[in-house]
Amino acid sequence: MSGVVATEELHPFQPPVQPLELIARVASDLEEAGLRYCHWKSNAAIDRSATGDNDLDLLVHRGDVRSFTELLSRLGFVRASKPGSSIPGIESFYGYDVASGRLVHVHAHYQLVLGDDRTKNYRLPIEDAYLDSASRRGLFALPSAELEYVVFVIRMILKYCTWDEIAWRAARGRRAAPSRTESHELADFARRVDDVRAASVVEEHLPFVGAELFAECVAALEPDASIGRRIRAASRLEQSLQPHARYSRRADRIRRIRGRLAVAAERRTTGPRRNRLAGGGAMVGITGGDGSGKSTALAALGHWLEAEFDVRLVHLGKPRWSATTVVVRTGLKAVAVGAEGIARSIRVTPTRRLASAVETYRPLLWLVCTARDRQNAYRDARRYASGGGLVLCDRYPHPRLRSMEAPLIASRTSDGPDNRFVRALIALEERYHRSIASPDLLVVLRVDPEIAVQRKTEERPETVRARGAEVWNIDWRGSRAHVVDASQSEDAVARELKALVWSVLA
């Protein structure tokens, strides 16, 4: 089998394209395993599916579902779904194409489930006929043009022509009509499909729809079709499909309206919902000295993942202050200012001792507050990951680190006060850090301190050199941390990090 997608049978004007390696592997493995499947829609742009620009929309015979999911698992795909939006008979899988560094989305259908994106209320019970009509053309098995055309028309009517969809879009100043890509697809069908054969397919496989209603649906998709005509076609089509619906028309309409309102509210508040991993999320810690490229690496990972998944960035090096920390730090500052003022006004030994004690213990209390905030940030991140989200941590505590993201009170008081209060602070700080377990993946960005100094020109060289030297000099063998050479180019580091992250997820 050639690795190039042949599109001449469908579109003579389109040149062959080179598919992503992972997508070519999926297609070849499906063929080799003899699984009954086809790429069931959007085949006018099949080249975009081959290159990963579009999803792979695969219809898979129910008898082959187990073999299909095992095949995807062997290729490193993982299940994912948007919270509260799972549809029976449909699953999403994501894989990582190493060569391109891109994510590949397989949208698997085990039933032909159609309708509004929020409900997918209707099933067309023609899966066997659809798959029987499929033949290998280029990279994928594709259905017959007539069956694909019939399903396309029904999809467009249910998607754009219901009265509530038309009213919703009109309220937002938009017209409920197929997109430019979908209009091109419809025009492509008009060139390739014979109307008589399409009507025959409807009568044979969808007699409850019938050729007359199907013709009305086709007419309703004409650019000059009136709103009334479009609404009537959708209403009649929904009525004919009721025996194959999950909900009544009224219940489906209510769900659609609620879904639109919920999506609009989310976009104004938390942002659109993205996928969460069915097998559970993960915490990824990225640590390294200043100038090692942590911020750049995290930005690259975040941009790569957040297009498809729920991703949260957490800074464990400088955790967000809690309300308790704000109160404590504000109070300590007020006490320090007061003690210093008293010492200047009343120059006696007790006032000087008070000012000195405040100056000694104030930074220790700050460290305890930081440790507590770090524990709280970790707790929230772990909960988020347990719900299927992905957490990217800027810095992460590790037992081999001594000056970064580590308990510091004991070392800072080794030559200072040794009393019950200090020992209590040491114990509290260490307890907070002990509650932070190892991440699912810890990456150490290791770079020569002198290179770090050259990169981090906005900070004092001695500080950058010292922090970089700690990471550089540690022997990370046996630590379960993955060490990445951060002196490489940004692209090389990003590729290595993507492969590491996906190895944890898959």
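Residues numbered from 1 in each chain as written. Predicted model: local features only at pLDDT ≥ 70, side-chain atom pairs only at ≥ 80, totals over all residues. Heavy atoms only, no water.

1. Focus: a positive patch on the surface
Under the convention used in this document: Patches were defined on residues exceeding 30% relative accessible area and lacking a salt bridge, with like-charge contacts within 9 Å and nonpolar side-chain contacts (Val, Leu, Ile, Met, Phe, Trp, Tyr) within 5 Å. Residue-level accessible areas treat just the shown protein chains as cover; the underlying method is Shrake-Rupley with a 1.4 Å probe. Salt bridges are defined as contacts in which a side-chain nitrogen from Lys or Arg sits within 4 Å of a carboxyl oxygen from Asp or Glu. Under this rule, positive means Lys or Arg and negative means Asp or Glu; His and the chain ends count for nothing. The location of each charge is read from NZ of Lys, CZ of Arg, CG of Asp or CD of Glu. Three exposure classes are used, based on accessible area relative to the maximum for each residue type with a 1.4 Å probe and protein chains only: buried under 20%, partly exposed in between, and exposed over 50%.
Taken together, Lys82, Arg172, Arg174 and Arg267 make up a surface patch of like positive charges. Judged by relative accessible area, Arg174 falls into the partly exposed class, the value being 43%.

2. A look at the sheet that holds strand E1 (residues 37-39)
By definition, the strands of a sheet pair up through backbone hydrogen bonds, in either a parallel or an antiparallel sense. The test is simple: Two strands form a pair only when DSSP identifies at least two bridges running between them. Elements are defined by DSSP. Helices are runs of H or I of four residues or more, strands are runs of E of two residues or more, and each kind is numbered from the N terminus.
Ordered by their spatial adjacency, six strands build an open sheet running E1-E2-E5-E4-E3-E10, and the pairing between neighbours is mixed. Two strands lie at the open edges of the sheet, namely E1 and strand E10 (276-277), each paired on one side alone. In this structure, strand E2 (residues 56-60) lies alongside strand E5 (residues 102-109), joined through four bridges in parallel fashion. By the bridge assignment for E5, Leu58 is matched with Ala108.

3. Details of the sheet that holds strand E14 (residues 441-446)
We count it as follows: As a rule, the C-alpha atoms of each element are fitted with a line to give its axis, helices using only the stretch in contact, and angles between N-to-C directions run from 0 to 180 degrees. Contacts are residue-level and defined by heavy atoms, with any inter-residue pair within 4.5 Å sufficient.
Read from one edge of the open sheet, five strands run E12-E13-E11-E14-E15, paired in parallel fashion. Edge positions in the sheet fall to strand E12 (311-315) and strand E15 (482-485), since each of these pairs with one other strand and no more. Averaged over all pairs of adjacent strands, the angle between strand axes in this sheet comes to 20 degrees, irrespective of strand direction. Taken together, the five bridges between strand E11 (residues 282-288) and E14 define a ladder with parallel strand orientation. By the bridge assignment, Gly288 is partnered in E14 with Leu445. Where helix H12 (residues 294-306) meets the sheet, its contacts fall on E11, E12, strand E13 (390-394) and E14, and the angle it forms with E13 comes to roughly 170 degrees.

4. Re the nonpolar core
In summary, soluble globular proteins display a tendency toward joint burial of nonpolar side chains. Here is the rule: Working definition of a nonpolar core: buried Ala, Val, Leu, Ile, Met, Phe, Trp, Tyr and Cys residues. They are joined through side-chain atoms within 4.5 Å.
Ranked by size, the top nonpolar core spans 68 residues in total, and within it Phe68, Phe77, Leu124, Tyr130, Phe140, Ile154 and Leu237 carry the most contacts. Grouped together as the second largest cluster of nonpolar side chains are 32 residues, Ile286, Ala297, Val447 and Leu505 included.

5. Considering the confidence of the model for the protein chain
Stated formally: Each residue carries a pLDDT value, the predictor's own confidence for that position, ranging from 0 to 100.
Mean pLDDT over the protein chain works out to 91, with 97% of the residues at or above the 70 mark. The low-confidence segment residues 1-15 (pLDDT under 50) makes 35 contacts with residues lying over four places distant or belonging to another chain.

6. Thoughts on the packing of aromatic side chains
To be explicit about the condition: Only centres within 6.5 Å qualify two rings of Phe, Tyr or Trp (six-membered ring in Trp) as a pair; their planes then separate them into stacked at under 30 degrees, edge-to-face at over 60, and tilted for everything else. Only when the NZ of Lys or the CZ of Arg is both within 6 Å of the ring centre and within 35 degrees of the ring normal is a charge said to sit over the ring.
Counted according to the given criterion, the structure contains 11 aromatic pairs. For the ring pair Phe309 and Trp502, a centre distance of 6.3 Å and an interplane angle of 45 degrees mean the geometry is tilted. Separated by 193 residues along the polypeptide, Phe309 in the loop between H12 and E12 and Trp502 in helix H19 (residues 490-505) bring together distant segments of the chain. Judged by relative accessible area, which is 5%, Trp502 ranks as buried. Residue placement shows Arg329 over the ring face of Trp366; its charged tip is 4.5 Å from the ring centre. Lying over the aromatic face of Tyr432, Arg431 brings its terminal NZ or CZ to 5.5 Å of the ring centre.

7. Observations concerning the packing of helix H5 (residues 145-160) against helix H8 (residues 195-205)
Here is the rule we go by: Roughly parallel refers to an angle under 35 degrees, roughly antiparallel to one over 145, roughly perpendicular to one between 65 and 115, and oblique to any angle outside these ranges.
Where H5 contacts H8, the axes come no closer than 9 Å and their chain directions differ by 75 degrees. Of the possible angle classes, the one that applies to H5 and H8 is roughly perpendicular. Here H5 contributes Glu146, Leu147, Tyr149 and Val150 to the contact with H8, which in turn contributes Arg197, Ala198, Val201, Val202 and His205.

8. Topic: the packing of helix H14 (residues 349-386) against helix H16 (residues 420-434)
Defined as follows: Crossing handedness follows the turn of the near helix against the far one: under a right angle anticlockwise gives a left-handed crossing, and clockwise gives a right-handed one. Classes in brief: Ala, Val, Leu, Ile, Met, Phe, Trp, Tyr, Cys and Pro nonpolar; Asp, Glu, Lys and Arg charged; the others, Gly included, polar.
H16 packs onto H14 with a crossing angle of 20 degrees between their chain directions and a minimal axis gap of 8 Å. Considering their axes alone, H14 and H16 lie roughly parallel with respect to each other. Here the hand of the crossing between H14 and H16 comes out left-handed. For the pair H14 and H16, the contacting residues are Tyr361, Leu364, Leu365, Leu367, Val368, Ala371, Arg372, Arg374 and Gln375 in the first and Phe421, Val422, Leu425, Leu428, Glu429, Tyr432 and His433 in the second. For the contact of H14 with H16, the residue count by class is 11 nonpolar, two polar and three charged.

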